[in-house]
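Next come the chains, spelled out residue by residue.
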Amino acid sequence: MDENAENHLGAIQIDTFRRALLDWYGEHQRDLPWRRTRDPYAVWVSEIMLQQTRVDQALPYYERFMDRFPTVEHLGKAPLEDVLKAWEGMGYYARARNLHRAARRVVVEYGGRIPEDPARISDLAGIGPYTAAAISSIAFGRDCPVVDGNVVRVLSRLFHLTGNPATSAARKKIDGLAGRLLARGRAGDFNQAMMELGATICTPRQPRCGACPVNPFCEARKTLPDPSVLPRKRPRAQRPHLHVAAAIVQRDDEVLIVRRPTDGLLGGLWEFPGGTVVKQVERETFLSEEMKNTLGIDVRVDHAVATLRHAFTHFEMTLQGYSCSYVEGVACHRDGNVCRWVPFEDLGRFAFPRAYRRLIEAAARLREGRQPDGFA
Ligand code: SF4
């Protein structure tokens, strides 16, 4: 059917399609805080948060973030540490680092006004064509089609597109269809309506075709027993599994934490020292050698705290935390990463990846004499 998609588009009444979609959106859209404003900064923050986070998960983060950094100036002038702390738990921290970097640039180069030109918007850190089109259409009313994962799914089904949308040929076709369907003059509403349809009706599994406002136009519904087979998905590659050991090194009432380099995975976040266990070695032996070689300190490994599993996009991790006692030496990281001794009670002030935050909770329970829940 791919080759006939254009014909199908020509045959449907595009105006009727747009009206049905926009009327439905006007009546059924979810009341979300970023939809109550056209402030480009608010739209930008929400779009970045929603890239890899579900709406219900992002909502409390968005509200706290906007309270803490209500304007692009507030964000651009804040220390990265504060921004990462506000993002803590949402994952994909490159989004926060890029948002912060781009906000600084908006303050310095554009006097705190987000540029209207989509080319200038997409030149900012972390803003790809999708986010630039979303900001341009929603905040500035520009006629730019937005194609996110929801829109890819809706269009694949509406037009019975059988190509893999990860390929450039299939993607080009989808972008072209999005552009032709776009309700010019109401691009912001139209784009949000398409995304809302994908998020609430035309969902990945079990689309609710009976409740779909554009079901008379849908080729997949007409021709397939189950439209959810579209879009065609790539088979998921097996993710590697890493075993990481972490030392909660205690010296009197303080514990040692290390900040990850700013660039790269979980950049700028804090963690307990340790590393990936590559050989079949005892975790205790590995950790005491790692502390000596990486930080120049001697420790005694006392007992296990928790074993936690965590999934990242490209790999899975088993994190084993151990309580250790400081023996001697001055902590200085071999690669220059910042190290700090901080009171255990103050760990909440620092931004940690989610797995390490769970480890801290398990350690806190142990300190209170309770059994941690985190043994996996
Ligand atoms: S009819 Fe069903 S498959 Fe087609 S767009 Fe609507 S929800 Fe999606």
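Novice: Quick question: what am I supposed to make of the site of the ligand here?
Specialist: Around the ligand, the surrounding shell consists of R157, I201, C202, P207, C209, C212, N215, C218, R221 and P227. Here the residues of the shell around the ligand are counted per class, giving seven nonpolar, one polar and two charged.

Novice: How should I be thinking about the domain arrangement of the protein chain in this particular structure?
Specialist: Accessible area lost upon the coming together of the parts serves often as the stated size of an interface. Here the protein chain is described as being made up of domain 1 (2-229) and domain 2 (241-367). The C-alpha-based centres of domain 1 and domain 2 are spaced at 38 Å. Contacts between the two partners involve 11 residues from domain 1, matched on the other side by 18 residues from domain 2. A combined buried area of about 1,000 Å² lies between domain 1 and domain 2, and 43% of that area is made up of carbon and sulfur atoms. At the boundary of domain 1 with domain 2, the tally comes to two salt bridges. Across the pair R357 and E88 runs a salt bridge, and its minimum N-O distance is 2.6 Å. For the side of domain 1 that touches domain 2, the secondary structure elements donating two or more residues are α6 (80-87) and α7 (94-110). The dominant element in the side of domain 1 that touches domain 2, judged by the number of residues it contributes, is α6, at four residues. Its residues placed into classes, the side of domain 1 that touches domain 2 shows five nonpolar, one polar and five charged.

Novice: Would you explain the environment of Q250 in this entry?
Specialist: Secondary-structure assignment places Q250 in strand β1 (residues 241-251). Residue Q250 is classed as partly exposed on the basis of its relative accessible area of 26%. The residues touching Q250, leaving out its near neighbours within four places in the chain, are V255, S323, C324, S325, Y326, W341 and R367.

Novice: Help me out: how do you make sense of the pairing of strand β2 (residues 254-259) in this one?
Specialist: Two faces make up the sheet, and in a regular strand the side chains alternate between them. In the sheet, β1 pairs with β2 via two bridges, with the strands oriented antiparallel. Paired with Q250 across the two strands is V255, which belongs to β2. If you look at the hairpin formed by β1 and β2, you'll find two residues sitting between the two strands, and D252 has a positive phi there, around 55°. Here β2 pairs with strand β7 (residues 339-343) via five bridges, running antiparallel. When the bridges of β7 are listed, I257 appears paired with R340.

Novice: Would you mind showing me how to read the pairing of strand β5 (residues 298-311) here?
Specialist: In the sheet, β5 pairs with strand β6 (residues 316-328) via 12 bridges, with the strands oriented antiparallel. What sits directly across from V299, in β6, is Y326. The antiparallel pairing of β5 with β6 creates a hairpin that spans four residues between the two strands.

Novice: Can you help me understand the environment of G76 in this one?
Specialist: Tracing the chain through its elements places G76 in helix α5 (residues 72-77). Sequence-distant contacts of G76, defined by excluding residues within four places in its chain, comprise H100, A103, R104 and V107.

Novice: Mind showing me how you'd approach the packing of helix α4 (residues 55-68) against α6 here?
Specialist: To describe two helices that pack against each other, one gives the angle between their axes and the distance between the axes. Relative orientation of the contacting elements α4 and α6 amounts to 155°, with a least axis distance of 9 Å. Judged on the interaxial angle alone, α6 and α4 are roughly antiparallel. For the pair α4 and α6, the sense of crossing is right-handed. Together, Y61, F65 and R68 of α4 and D82, V83, A86 and W87 of α6 make up the contact between the two elements. Each residue belonging to the contact of α4 with α6 can be placed in one class, and the counts come to five nonpolar, no polar and two charged.

Novice: Got a minute to help me understand unusual backbone geometry in this structure?
Specialist: What is expected of a backbone is that most residues other than glycine have negative phi and most peptide bonds are trans. Following L230, the chain continues to P231 via a peptide bond in cis, the omega torsion being -5°. Tracing the backbone shows P231 in the loop between α13 (219-223) and β1. The residue Q206 is not glycine, and still its phi comes out positive at about 50°. Considering the arrangement of structural elements, one finds Q206 in the loop between α12 (187-200) and α13. Backbone geometry places D252, a non-glycine residue, at a positive phi of 55°. Positionally, D252 belongs in the loop between β1 and β2.

Novice: Explanation requested: the packing of aromatic side chains in the structure shown.
Specialist: Between two aromatic rings, the relevant description is the distance of the centres plus the angle of the planes. Counted under the stated rule, the structure contains 10 aromatic pairs. Ring centres of W34 and Y62 lie 5.0 Å apart, and the angle between their planes is 80°; this geometry places the pair in the edge-to-face category. You can see W34 sitting in the loop between α2 (14-28) and α3 (40-50) and its partner Y62 sitting in helix α4, a full 28 residues away along the chain. In this pair, the class of W34 matches that of Y62, namely buried. Seen from their ring centres, F272 and F352 are 5.7 Å apart, and the 35° between their planes marks the pair as tilted. Here the residue F272 occupies a position in the loop between β3 (270-271) and β4 (274-276), and F352 occupies one in the loop between β7 and α15 (354-367), the gap between them amounting to 80 residues. In textbook terms, an aromatic cluster arises when at least three aromatic residues are bridged by ring pairs, as seen for F65, F69 and W87. Over the aromatic face of W341 sits the side chain of R251, whose NZ or CZ is 4.2 Å from the ring centroid. A cation over an aromatic ring shows up here: R367 above the ring of F344, its NZ or CZ 4.1 Å from the ring centre.

Rules used throughout
- Residues numbered from 1 in each chain as written.
- Predicted model: local features only at pLDDT ≥ 70, side-chain atom pairs only at ≥ 80, totals over all residues.
- Heavy atoms only, no water.
- Near = heavy atom within 4 Å.
- Nonpolar A, V, L, I, M, F, W, Y, C, P; charged D, E, K, R; others polar.
- Domains from an automatic or database assignment.
- Contact = heavy atoms within 4.5 Å.
- Buried area = accessible area lost by both parts, 1.4 Å probe.
- Salt bridge = Lys/Arg side-chain N within 4 Å of Asp/Glu carboxyl O.
- Helix = DSSP H or I, 4+ residues; strand = E, 2+ residues; numbered from the N terminus.
- Buried < 20%, exposed > 50% of the residue type's maximum accessible area, 1.4 Å probe, protein only.
- Pairing = 2+ DSSP bridges.
- Axes fitted to C-alpha atoms, helices over the stretch in contact; angles between N-to-C directions.
- Parallel < 35°, antiparallel > 145°, perpendicular 65-115°, else oblique.
- Left-handed = near helix turned anticlockwise from the far one by under 90°.
- Phe/Tyr/Trp six-rings, centres within 6.5 Å; stacked < 30°, edge-to-face > 60°.
- Lys NZ or Arg CZ within 6 Å of the ring centre and 35° of its normal.

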